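# Inside the fold
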Amino acid sequence: MRTRTPAPLLTVRGLSRRVGARKLFDIAELDFPRATAIALTGVNGAGKSTLLRIVAGLEPAPGATASWTDADGTAHTVPLSPLPMSLRRRIAYMHQHPYLFRTSVRENIAYGLRHHGLPRDEIDRRVGAALGWAGVVHVQDTAPDKLSGGEIQRVALARAKVLEPDLLLLDEPTSSLDGHAREQVIALIGELAAEGRTVVMVCHDRELINLPGVVRWKLGEGRLDTRHK
Ligand SMILES: Nc1ncnc2c1ncn2[C@@H]1O[C@H](COP(=O)(O)OP(=O)(O)O)[C@@H](O)[C@H]1O
Ligand SMILES: [Mg+2]
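This one's a predicted model, so the numbers in the text were calculated from it and none came from an experiment. (Residues numbered from 1 in each chain as written. Chains lettered and ligands numbered in written order. Predicted model: local features only at pLDDT ≥ 70, side-chain atom pairs only at ≥ 80, totals over all residues. Heavy atoms only, no water.)

## What to know about the sheet that holds strand E4 (residues 65–69)
What the four strands build is an open sheet, ordered E2-E1-E4-E5; its pairing is antiparallel. Single-partner strands in this sheet number two, and they are strand E2 (22–32) and strand E5 (75–79). Averaged over all pairs of adjacent strands, the angle between strand axes in this sheet comes to 10°, irrespective of strand direction. Strands strand E1 (10–19) and E2 of the sheet are contacted by helix H1 (residues 48–55), whose axis makes an angle of about 50° with E2. (Pairing = 2+ DSSP bridges. Helix = DSSP H or I, 4+ residues; strand = E, 2+ residues; numbered from the N terminus. Axes fitted to C-alpha atoms, helices over the stretch in contact; angles between N-to-C directions. Contact = heavy atoms within 4.5 Å.)

## Topic: the sheet that holds strand E10 (residues 223–228)
Judged by pairing direction, the sheet is mixed, and its six strands sit side by side in the order E6-E7-E8-E3-E9-E10 without closing on themselves. Looking along the sheet, the strands with just one partner apiece sit at the ends: strand E6 (91–94) and E10. Across the sheet, the axes of successive neighbouring strands diverge by a mean angle of 20°, strand direction being ignored. Contacting strand E3 (37–41), E6, strand E7 (167–171), strand E8 (198–202), strand E9 (215–220) and E10, H1 runs over the sheet at an angle of about 150° to E7. Seen against the sheet, helix H5 (residues 149–161) touches E6 and E7 and runs at an angle of roughly 165° to E6.

## Comments concerning the site of ligand 1
All residues adjacent to ligand 1 are Val19, Arg22, Leu24, Val43, Asn44, Gly45, Ala46, Gly47, Lys48, Ser49 and Thr50. Between ligand 1 and Ser49, the relevant distance is 2.9 Å, taken from an oxygen atom to a side-chain nitrogen or oxygen of the residue. Coverage of ligand 1 by the protein chains reaches 55% of its 560 Å² of free accessible surface. Of all the elements in the fold, those that place two or more residues in the shell around ligand 1 are E2 and H1. It is H1 that contributes the most residues to the shell around ligand 1, three residues altogether. Classifying every residue of the shell around ligand 1 by side-chain character gives four nonpolar, five polar and two charged. (Near = heavy atom within 4 Å. Polar contact = N/O pair within 3.5 Å; in protein donor to acceptor, adjacent residues only side chain to side chain. Areas by Shrake-Rupley, 256 points an atom, 1.4 Å probe, with all protein chains shown as cover. Nonpolar A, V, L, I, M, F, W, Y, C, P; charged D, E, K, R; others polar.)

## A few points about helix H4 (residues 120–134)
In this model H4 runs 21 Å from its N-terminal to its C-terminal C-alpha over 15 residues, within 8% of the 21 Å that 1.5 Å per residue would give. Listed as buried for H4 are Ile123, Arg126, Val127, Ala130, Leu131, Trp133 and Ala134. One side of H4 carries all its buried residues, which in axial view fall inside an arc of 160°. Within H4, the exposed residues directed more than 90 degrees away from the buried face are Asp121 and Arg125. (Expected span 1.5 Å × (residues − 1). Buried < 20%, exposed > 50% of the residue type's maximum accessible area, 1.4 Å probe, protein only. Arc of directions from axis to C-beta.)

None of the figures reported here should be taken as evidence of function without further support.
Here it is, written out as structure tokens:
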């Protein structure tokens with residue numbers, strides 16, 4: 001029996017960025033595999049954050065496109081900027097220093113679902129599940145400026161997960177944490193990948209990079225090595 005490689009979740013084409021005369025990257029085609037955790041590494045200033053932000057639709061990317069094929073075989077190709085709603089709903093991005101709105105934790109997590117116009121009882125159910133998943137039920141009514149660094153990261157992960165994205169883009173999710181807080185975030189990221197989502201994390205954390213099944217991408221000298229060992 002022949003085995004076929006499953007079609008990628010997304011294929012992005014024409015990802016390029018210059019800063020002045022310096023080429024950060026020029027990537028003709030990049031497949032995001034399904035249900036895979038990917039650690040994106042590279043030296044400071046290599047362009048890792050910029051790459052994530054372009055794929056999240058947060059930076060202009062003239063000419064860049066994303067393509068995918070639905071389960072029924074319908075093929076789609078769309079521009080990456082402005083990112084169309086069909087894709088925006090499938091991609092979640094987490095900034096290195098997540099910004100939380102100055103309301104309660106619960107409202108922060110509910111925000112995206114309200115934006116999508118979901119019914120109130122569905123929002124309550126999903127937010128409750130996400131609070132429990134991230135271990136932040138006890139701070140659900142707390143203002144973000146009263147949270148620890150670890151709690152902020154966990155709330156930001158819950159805010160991403162509650163949208164049930166296929167692709168999570170996490171910029172240095174553990175770099176501001178240590179000890180137990182870091183271990184908790186590593187465990188949550190492992191669960192996101194085990195659920196069958198694709199997680200691309202900019203990361204120097206050995207423990208995250210060495211989680212079972214993590215693929216390494218390395219950005220440097222204008223190119224992305226997707227088979228880095
Ligand atoms: N908006 C911008 N204007 C000018 N330079 C930028 C801008 N954004 C990023 N850069 C530069 O692009 C390079 C890559 O930045 P970044 O993507 O943050 O790298 P990394 O995340 O790998 O450390 C850096 O040299 C940075 O100074
Ligand atoms: Mg960065």
